Number of protein chains: 2
Amino acid sequence: MELDQRKLQILRAVIDEYILSASPVGSKAISRSADMNWSPATIRNEMADLEALGYLAQPHTSAGRIPSDKAYRLYVDQMLRRAELSSSEKTLLNSYYRNRISGIESVLRSTAQALSEITHYTAVVMMPDIAVNRLRHLQLVPLAEGKALSVIVTDAGVARDAVIDIPRDMTPAELETISRTITQRCYNRRMSTVAEILTREISAEMQSRGEFLKTLLSRASESEQYGTGMVELTGARNMLRYPEYSDMDKAKSFLATVEQRDELYRMMKKASDMEFTITIGSENEQEGLQDCSVVTATYRVNDSPFGTFGIIGPTRMDYSRVINVLQGVQQNLGVILQSLLKED
Amino acid sequence: MELDQRKLQILRAVIDEYILSASPVGSKAISRSADMNWSPATIRNEMADLEALGYLAQPHTSAGRIPSDKAYRLYVDQMLRRAELSSSEKTLLNSYYRNRISGIESVLRSTAQALSEITHYTAVVMMPDIAVNRLRHLQLVPLAEGKALSVIVTDAGVARDAVIDIPRDMTPAELETISRTITQRCYNRRMSTVAEILTREISAEMQSRGEFLKTLLSRASESEQYGTGMVELTGARNMLRYPEYSDMDKAKSFLATVEQRDELYRMMKKASDMEFTITIGSENEQEGLQDCSVVTATYRVNDSPFGTFGIIGPTRMDYSRVINVLQGVQQNLGVILQSLLKED
DNA sequence: TTTAGCACTCTTTTTCTTCGAGTGCTAATC
DNA sequence: GATTAGCACTCGAAGAAAAAGAGTGCTAAA
């Protein structure tokens, strides 16, 4: 049995209605909706078919139908109309960036806030992964005997720092020399290759400090060390708006899940080579997101992918609105970051 | 009418019991508790007195009593016994810092997590306010024409950065010179005074760039700019454990309140010149924290106050446990940060 | 001064009933 | 053959009524 035009139309109507109401949709409600010229009885028959095909489910015998994950999948793949953001929404969006443009990360934090407030869902933004960035400057700043702060600045305008151990007899002047040498040698090299270059070229040169440099940069390549793996999450509380989380336990487990930042990071990282991703309910790997859908978008700066952000909401989220907003933010973010990094 | 010994004993018993059970405490329950040698009837009389004095309240006629904020105040001021953390708890605490010692801020983030997981309340940690730190290094890194990243490193091992505008004709070499000059002139000066020093001493010297420097450092002193005002908040979801938040609306409004990071920062900032603070229910300025208590502690590095962290919980939180944990963390944090900044 | 006894109050829990939305099936209709 | 009206049936939600229980304040006795 295939999905003919009428079945699709009905399925769509069920989903649209369920997204709005969050309660099982009956045949009568469907037959009342626009362009639906069949009687409830006919629609009942079709709905029974759709249930047999796995697109609809019935919480109990005498209730209406709710869409399955499979139905949402079909919906987002084939039934979604994209639309531009309205100009008032664009204005709203831009208002979040006022006074907030002191750096990449604060822009991204504001973005997360904007996303969650505009969509009323939970927003997640991945902080830039410096591994793909290029080194602009490395500075070792002595803190105390045996300790220094290592600061890395990349071409993307991102700075990351870590406290490191240094040999006790290392002087500030020597640290400065090392900083300068590394900066020179690795200038504009991808962060992911810096450690390698150092081991190969520089440590030999600076024999006496070879061991130190090795440690320094093996740690530099460990992502943990320089604060990679960070995500900003905002608006988790929004989920409490929706009846699917009126059960306290569900709410708790959702909040517990999203507090696991490293898991979220993994998820976002995986999505980061796609322009857009939509992951519906059980398609999510994470235990606690089985009742959620995650929509992500990747934005670009200078035509190369820079970072990823997204929305987490109940599976019955308003997909088309979410996608429109993400698309709007995607463009916006490109422009704003561009203007932050290039001259105005 | 004064609070005699027996009234105090009864009040204490009521509070202890209410902290445990979260439901109104009756006279019978009290008379059963240890060292309570009076009959329920006697205790009822005393409880009526305590209610008249404003220490207890009755949700409705036929219910037990619950402590008022005034009662908690008395409780924390006069009835609290402090105790050392057990050694197993200390071990647990330390386990949070493993692999997490790459920098001040990541240590503080781990601290927040540890606090919330150990106490089962919400933890908040104020990131160091660099205004009181001393400048160790300033570096201007060119990003693109007209743009640079300004990075500040302080003696506390904290780095902060911001994207800034620079005159178009400024060369990398010139930026380097400026960086070095500022670092030299302001070395070990408090960040709060750096802007002033620059305006006074340096801008005159570098006439042509005077305007730029002024802008640069007026912005440096704006806290916003360099990411001051940040707090880390963890474990907000823990509040859903407690019956006082089984009402969805209460839970929502709590989460909404703590998502206002700047408000939280203000609160913490205010607490930061006290070793410990306990703020109970209506004593809180913030609207959304009227049903909460906030306990904070300030930790020291090198004997000078460094930062503040705290616990937010329901007013009937287990104060003595919370205080013990905070005290434990306070010591711990001092040691860990010390070891991070000084040689091992 | 303390306490046993008791009537009273008010919430919580349970049980039972009613209501209504929605279904699936059958038979009539287009 | 496809569609639809009609109808008996199911099952959860909502409401009402009843019962249970915890705790009180007061009185009078110890």
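Residues numbered from 1 in each chain as written. Chains lettered and ligands numbered in written order. Predicted model: local features only at pLDDT ≥ 70, side-chain atom pairs only at ≥ 80, totals over all residues. Heavy atoms only, no water.

**Q** Any chance you could explain the domain arrangement of chain A here in plain terms?
**A** Residues and elements named next belong to chain A. For chain A, the domain assignment lists domain 1 (5-79), domain 2 (87-129 + 227-340) and domain 3 (131-222). Here domain 2 and domain 3 have C-alpha centroids that lie 33 Å from each other. At the junction of the two partners, domain 2 supplies 8 residues and domain 3 supplies 7 residues. Across the domain 2 to domain 3 interface the summed buried area is about 610 Å²; carbon plus sulfur atoms make up 44%. At the junction of domain 2 with domain 3, the criterion picks out 1 salt bridge. Salt-bridge contacts for Arg160 lead to Glu105; the nearest nitrogen and oxygen are separated by 2.9 Å. Counting every contact that joins domain 2 to domain 3 gives 4 residue pairs in polar contact (both at pLDDT 80 or more). The residue inventory of the side of domain 2 that touches domain 3, partitioned by class, reads 4 nonpolar, 2 polar and 2 charged. (Domains from an automatic or database assignment. Contact = heavy atoms within 4.5 Å. Buried area = accessible area lost by both parts, 1.4 Å probe. Salt bridge = Lys/Arg side-chain N within 4 Å of Asp/Glu carboxyl O. Polar contact = N/O pair within 3.5 Å; in protein donor to acceptor, adjacent residues only side chain to side chain. Nonpolar A, V, L, I, M, F, W, Y, C, P; charged D, E, K, R; others polar.)

**Q** Looking at this structure, I do not really get the packing of aromatic side chains. What am I missing?
**A** A ring pair, where both rings are aromatic, is described by two values, the distance of the centres and the angle of the planes. Taken as a whole and assessed by the stated rule, the structure comprises 12 aromatic pairs over all chains. On the basis of an interplanar angle of 35 degrees and a centroid distance of 5.8 Å, the ring pair of B:Tyr299 and B:Phe309 is categorised as tilted. Placement of the pair is B:Tyr299 in strand E9 (residues 292-301) and B:Phe309 in strand E10 (residues 304-314), with a sequence separation of 10 residues. The same class applies to B:Tyr299 and to B:Phe309, which are both buried. Through a chain of ring-to-ring contacts, the aromatic side chains of A:Tyr72, A:Tyr75 and A:Tyr319 assemble into a single cluster. The lysine or arginine in question, B:Arg6, covers the ring of B:Trp38, its NZ or CZ lying 5.1 Å from the ring centre. Over the ring of B:Tyr55 we find B:Lys70; its NZ or CZ atom is 4.6 Å from the centre of that ring. (Phe/Tyr/Trp six-rings, centres within 6.5 Å; stacked < 30°, edge-to-face > 60°. Helix = DSSP H or I, 4+ residues; strand = E, 2+ residues; numbered from the N terminus. Buried < 20%, exposed > 50% of the residue type's maximum accessible area, 1.4 Å probe, protein only. Lys NZ or Arg CZ within 6 Å of the ring centre and 35° of its normal.)

**Q** Any chance you could explain the protein's contact with DNA strand C here in plain terms?
**A** Contacts to DNA strand C come from 20 residues, most closely from A:Ser27, A:Arg65, B:Ser39, B:Thr42 and B:Ser62. Sugar plus phosphate, as a fraction of atoms of DNA strand C within 4 Å of the protein: 73%. At 3.5 Å, a side-chain N or O of B:Arg44 approaches a base oxygen of DNA strand C. Only helix H3 (40-52) of chain A together with helix H3 (40-52) of chain B provide two or more residues apiece to the surface near DNA strand C. Of all the elements, H3(B) adds the most residues to the surface near DNA strand C, at 4 residues. Taken together, the residues of the surface near DNA strand C sort by class into 4 nonpolar, 12 polar and 4 charged. (Near = heavy atom within 4 Å.)

**Q** Which parts of the structure should I look at to understand the protein's contact with DNA strand D?
**A** Close to DNA strand D lie 19 residues; A:Arg6, A:Ser39, A:Thr42, A:Ser62 and B:Ser27 are nearest. Looking at DNA strand D alone, sugar and phosphate atoms form 71% of those within 4 Å of the protein. At 3.0 Å from a base nitrogen of DNA strand D is found a side-chain nitrogen or oxygen belonging to B:Arg44. Within the contact set of DNA strand D, a phosphate oxygen lies 3.1 Å away from a side-chain nitrogen or oxygen of B:Arg65. The dominant element in the surface near DNA strand D, judged by the number of residues it contributes, is H3(A), at 4 residues. Residue composition of the surface near DNA strand D, by class: 3 nonpolar, 12 polar and 4 charged.

**Q** Explain the interface of chain A and chain B here, please?
**A** Accessible area lost during the coming together of the parts is what is often quoted as the interface size. The partner chain B presents 52 residues to the 51 residues of chain A that form the contact. For the pair chain A and chain B, the summed buried area comes to about 4100 Å², and 56% of that belongs to carbon and sulfur atoms. In this structure, the salt-bridge partner of B:Arg237 is A:Glu259, at a minimum N-O distance of 3.2 Å. Here chain A is connected to chain B by 10 residue pairs in polar contact (both at pLDDT 80 or more). Elements with a minimum of two residues in the side of chain A that touches chain B: strand E4 (135-144), strand E5 (147-154), strand E6 (159-165), helix H10 (248-258) and helix H12 (319-341) of chain A.

**Q** Please explain the relation of the copies chain A and chain B as it appears in this structure.
**A** What relates the pair of chain copies is a rotation about an axis plus a shift along that axis. Of the transformation placing chain A onto chain B, the axial shift is 0.0 Å and the rotation is 180 degrees, giving an RMSD of 0.1 Å. In the structure described here, the two chain copies are related by an operation that fits a two-fold rotation axis. Both copies present the same face, since 100% of the interface residues in chain A are matched by interface residues at the equivalent positions in chain B. (Least-squares fit on C-alpha atoms with pLDDT ≥ 70 in both.)

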